[in-house]
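Observations on the model geometry
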Protein chains: 2
Amino acid sequence: MSTFKARVLYDFQGEPNTAEMSITAGELLTVTRTDVGDGWWEGLNPKGESGLFPEAYVEKVETSSKPPNIPPPAPPSQPGWGFPGQQEPDQGGHDDDDWDEWDDDNTYESPPYSNNMPKAEGNTQRLTKEVSGTALRKPHIYRDSDDQLGRWEVLSNPYTVQIASPKKATKMGGLKSFIAYTLTPSFSNVEVSRRYKHFDWLHDRLNEKFNLIAIPPLPDKQVSGRYEEMFIEHRRAQLQEFINYMCRHPVLSTCDVWIHFLTCTDAKQWKQGKRNAERDQLIGASFCLCVEAPEKEIMPSLVEVKIDENLKYVEKMDQCIKNLMQTAQDQQKKCINMYKREFTRVGEAFFALGSAFEYNQQGMYSKASVDVKNIGSTYIMIGKLYEEQGKMDWLPLFDQLYIYKGITSNLPNVLQMQKMAEQKKKECERNNQLPQVALTDVRRRSDVITYTVFAELNHFQQERDQNLKRALKDFLQEQLNFYKNVVTKIEETLNQFE
Amino acid sequence: MSTFKARVLYDFQGEPNTAEMSITAGELLTVTRTDVGDGWWEGLNPKGESGLFPEAYVEKVETSSKPPNIPPPAPPSQPGWGFPGQQEPDQGGHDDDDWDEWDDDNTYESPPYSNNMPKAEGNTQRLTKEVSGTALRKPHIYRDSDDQLGRWEVLSNPYTVQIASPKKATKMGGLKSFIAYTLTPSFSNVEVSRRYKHFDWLHDRLNEKFNLIAIPPLPDKQVSGRYEEMFIEHRRAQLQEFINYMCRHPVLSTCDVWIHFLTCTDAKQWKQGKRNAERDQLIGASFCLCVEAPEKEIMPSLVEVKIDENLKYVEKMDQCIKNLMQTAQDQQKKCINMYKREFTRVGEAFFALGSAFEYNQQGMYSKASVDVKNIGSTYIMIGKLYEEQGKMDWLPLFDQLYIYKGITSNLPNVLQMQKMAEQKKKECERNNQLPQVALTDVRRRSDVITYTVFAELNHFQQERDQNLKRALKDFLQEQLNFYKNVVTKIEETLNQFE
């Protein structure tokens, strides 16, 4: 069901340690459920906190009329922000569900069931309760200073999802095989099994739904070597980075289709959730309908400069990230090829000389030979360390940069959306043909878009300063470990020298 | 004057802490001076120790007649083993002294004088006394087991010679310039000034004189960049390696021309010593005349196999040393070019990203930017470390290997000399035309050559097991220092991370 706004008429003090929530007269709530029963509604307060409150204490706020160029709000039966378990029951008709045919290899089918959970009705229902408070919320933007314009309300209960080393599964009596990854969200601790094509479907939905939020990229499709162990493990690591970004994002981490993707273990409900997601009408520009942004009007002059500054900044970040990605990829290859080759060559030259040292006039055991051969072995070993090292530092760095490159190449589109909305607003103001109430609505819509874009920019900056920076630090730590290892190897060889 | 052998007739106990030496009846001494006066002679005992003893206690051993194919021994007025100061005085006639015209650039002249010593007659005489006991000896081979056949008697007073950072000197009113290196032998502590062309002249003399001893190579002549600081400093280091090998060699370190080269500070005596060296007739095969080898006859069957084994071994060493030299040269170049470029590229990619981090919505100082730029600076700095590093490890290794490559490419010729002498002996035995005494002499000559060759092979093995091995160890130590430095740089950067 869709949500709506309600103004609090009277203060209400919720009972502590229950599902009840305290509300204050004048607050604007987002009502998420009206079918709780016994006169209770469920909703979110402006801080994004979720809870129950008496229906009688609030007054539904009528939606203002829409500007002409915005589609109407989704009908109540359409999915918007909510839960798979809350969707209307499956109305039969499995014929339109081509899920199993949507495949990156166009032939294999996949089990949308949990790996180790019994297939049982009601699983999703049960999970719904467990996720409550995490997922059940609308995107909310707050403003803590004029300078930053807006920030996404962060998750009160952040969660993580682990993607496990995948198993190669087979179906149709072993004739067809596919890679199934196991995802375990921390809020449910229930494993779900997903294939790359499911991620791909999810990604399409996210891109369709959010044009004001930069969606992290999926790893590239790859045809050859798809079943090779190294490729599969690397794809797992890449998907983990995608998942991590999703989990950290206040809006993406709580949206329906994502929660459905993370939690559904029942085939029938899976199909229903899938159909709902594909029919979602709160997509694109309509997404703004469900964003709770500050009421304060935005000064357009302030914003325009900032948007242009950010466009330049995001472009520069994009270039620098691409450049470092290229460097990381380059260095990773050089670890395997060039550096390994150089150290092996050096090692072999020493080792050969050590072998020549074996000859001894007295036919005696030559310690010198052992020492010199040890130098050789050490450098050959360092070569092998280089070969392994790329997987420890450059490749993980590349994978993290890959996510951010996806974001930075997406953000300019997001910024352009704001510019377009602003232009539309100016046109309406110039034309002066709209009634005042409709013009107010257009202005509000433009402000919500601006708030959303800045919330997204602030989120990116936070990602940059926290997670991208940590990725760089992790890289440096791995490099330190590597060179310490090299030092140890050389030191050991020196200590063995007589 | 030339030296001769004397057999000890009676035991004599030398006074401790004087120039006197104890001798034992039956010992074979090498008499080096008979003009000490008061009935004393100076000489070397079989251990190579030098000292005075009573003339009356010894009996001169008559030299055996020479085989037909060996030139007669040098006349008493010719230099053989002894001292520049002991040479006959200059007989005038400076006209034949083309020393100053022998030049690696064919035009410049050089001062064969000490840099900071007054040009004074008698300098060489004074030095003679100081070097006494080190240089004043004949090559002596002892045999401590049947297996090794012979070893050079080691120096009782080993010495070193330091070659200092050269100065660019000028002559002819500054029109002509040349590089003069300053050599300071530890036994005299008197500086002498030598140019590359003097080394070159010395090297020609050594090669002429010794065909049974592998002469260490001089650094290659180089036409371009001769006056560039880096080239000059590197040539100094290379000459130091040449000098070090000379000083370590029991025969080379004590031969006339070398001592003359190391000590002469007087122009007149320099020319005389030079002329004497050029007139030396104890060269090539005649060198054996002054080698004291064990009297014991050698079983030819035992030697042949050993010589062939050693030929193979020396060839293998030669290949391996050349290969490691190539590797060292390669790596040294790669330090300056490839490794520096790679680390600089990595550093620049991080630094650029760090610069992009500078943008901040709040216009605030971004610590993240500083951290990421620090990574960049660190890698750029490591690139610079690489650039400098080649001079610390690969280049010194190359220079040491260069000396040994010279030895290993020379040793096969030395081994061939033994084979030729052995063949000559066999011919004489087959022809059966020589009188018995002459045949004995031919056999003895062949044995002395064999003893000399094995003394040289043993010296090389000792060089390999001690000095070459130490060079490799020094290299490894420098590599350790380098990687420790890299670890420290990365560690510091990590510690600055927030």
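Scoring rules and cut-offs
- The residue count restarts for each chain, going from 1 along the sequence in the order it is written.
- Working convention: letters from A go to chains and numbers from 1 go to ligands, in the order in which they are written.
- The model is predicted, so local features are restricted to residues of pLDDT at least 70 and side-chain atom pairs to those at 80 or more, both for listing and for counting; the totals for chains, interfaces and linings are taken over all residues.
- To obtain the side-chain values, all non-hydrogen atoms of the structure were used and water was disregarded.
- Contact between two residues is taken to exist if any of their heavy atoms lie within 4.5 Å; hydrogens are not considered.
- Think of a salt bridge as a Lys or Arg side-chain nitrogen and an Asp or Glu carboxyl oxygen that are within 4 Å of each other.
- Secondary structure follows DSSP: runs of H or I at least 4 residues long count as helices, runs of E at least 2 residues long count as strands, and numbering of each begins at the N terminus.
- Accessible area is worked out with a 1.4 Å probe on protein chains only. A residue is then buried under 20% of its type maximum, exposed over 50%, and partly exposed in between.
- In this analysis, axes come from line fits to C-alpha atoms, helices being fitted only over the stretch in contact, and the angle between any two N-to-C directions falls in the range 0 to 180 degrees.
- Oblique is the label for any angle not under 35 degrees, not over 145, and not in the 65 to 115 range, which are roughly parallel, roughly antiparallel and roughly perpendicular in turn.
- In this scheme the crossing of two helices becomes right-handed for a clockwise turn of the near helix relative to the far one and left-handed for an anticlockwise turn of less than a right angle.
- When the centres of two rings from Phe, Tyr and Trp lie within 6.5 Å, Trp using its six-membered ring, the rings pair. Their planes under 30 degrees apart give stacked, over 60 give edge-to-face, and anything left gives tilted.
- The rule is short: NZ of Lys or CZ of Arg within 6 Å of the ring centre and within 35 degrees of the ring normal puts a charge over the ring.

Between chain B and chain A, the contact holds 67 residues from the first and 67 residues from the second. For the pair chain B and chain A, the interface holds six salt bridges. With its nearest N and O atoms 3.1 Å apart, the salt bridge here joins Glu491 of chain A to Lys484 of chain B. The set of elements that each furnish at least two residues to the side of chain B that touches chain A consists of α6 (300-356), α7 (367-392), α8 (394-431) and α9 (436-496) of chain B.

Within the fold, Asp318 of chain B resides in helix α6. Residue classification places Asp318 of chain B among the buried residues on the basis of a relative accessible area of 10%.

Under the counting rule described, the total for this entry stands at 41 salt bridges over all chains. With its nearest N and O atoms 3.0 Å apart, the salt bridge here joins Glu388 of chain B to Lys391 of chain B. Placement of both Glu388 of chain B and Lys391 of chain B in helix α7 is noted, with a separation of three residues, approximately one turn of the helix. On the basis of relative accessible area, Lys391 of chain B is assigned to the partly exposed category, the value being 38%. With a shortest N-O distance of 2.7 Å, Arg464 of chain B and Asp465 of chain B are connected by a salt bridge. One salt-bridge network, held together by shared partners, links Arg205, Glu208, Lys274 and Glu278 of chain A.

Axes are the key here: two packed helices are described by the angle between their axes and the distance separating the axes. Residue and element names in this part refer to chain B. In contact at an axis separation of 8 Å, α6 and α8 are set at 160° when each is read in the N-to-C sense. Taken together, the axes of α6 and α8 are roughly antiparallel relative to one another. Here α6 and α8 pass one another in a crossing that is left-handed.

All right, on to the environment of Glu297 of chain B then. Among the secondary structure elements, Glu297 of chain B is positioned in the loop between α5 (267-279) and α6. Once the C-alpha coordinates of Glu297 of chain B and Val448 of chain B are considered, the two residues, 151 residues apart in sequence, prove to be 9.3 Å apart.

Okay, the packing of aromatic side chains next. Scanning the entire structure with this criterion turns up 41 aromatic pairs over all chains. Seen in terms of ring centroids, Trp201 of chain A and Trp270 of chain A are 6.3 Å apart; in terms of plane orientation they differ by 50°. Their pairing is tilted. Taken together, the residues Trp201 of chain A in helix α2 (residues 196-209) and Trp270 of chain A in helix α5 (residues 267-279) connect sequence positions 69 residues apart. The class for Trp270 of chain A is buried, based on a relative accessible area of 0%. Between the aromatic rings of Tyr339 of chain A and Tyr339 of chain B, the centroid separation amounts to 6.3 Å while the plane-to-plane angle is 15°, which identifies the pairing as stacked. Of this pair, Tyr339 of chain A sits in helix α6 (residues 300-356) while Tyr339 of chain B is found in helix α6, placing the two residues in two different chains. Take Tyr339 of chain A and Tyr339 of chain B: they sit in the same class, and that class is buried. The lysine or arginine in question, Lys209 of chain A, covers the ring of Phe210 of chain A, its NZ or CZ lying 5.8 Å from the ring centre. Over the ring of Phe357 of chain A we find Arg464 of chain B, and its NZ or CZ is 4.9 Å from the ring centre.

Geometry only, nothing functional implied.
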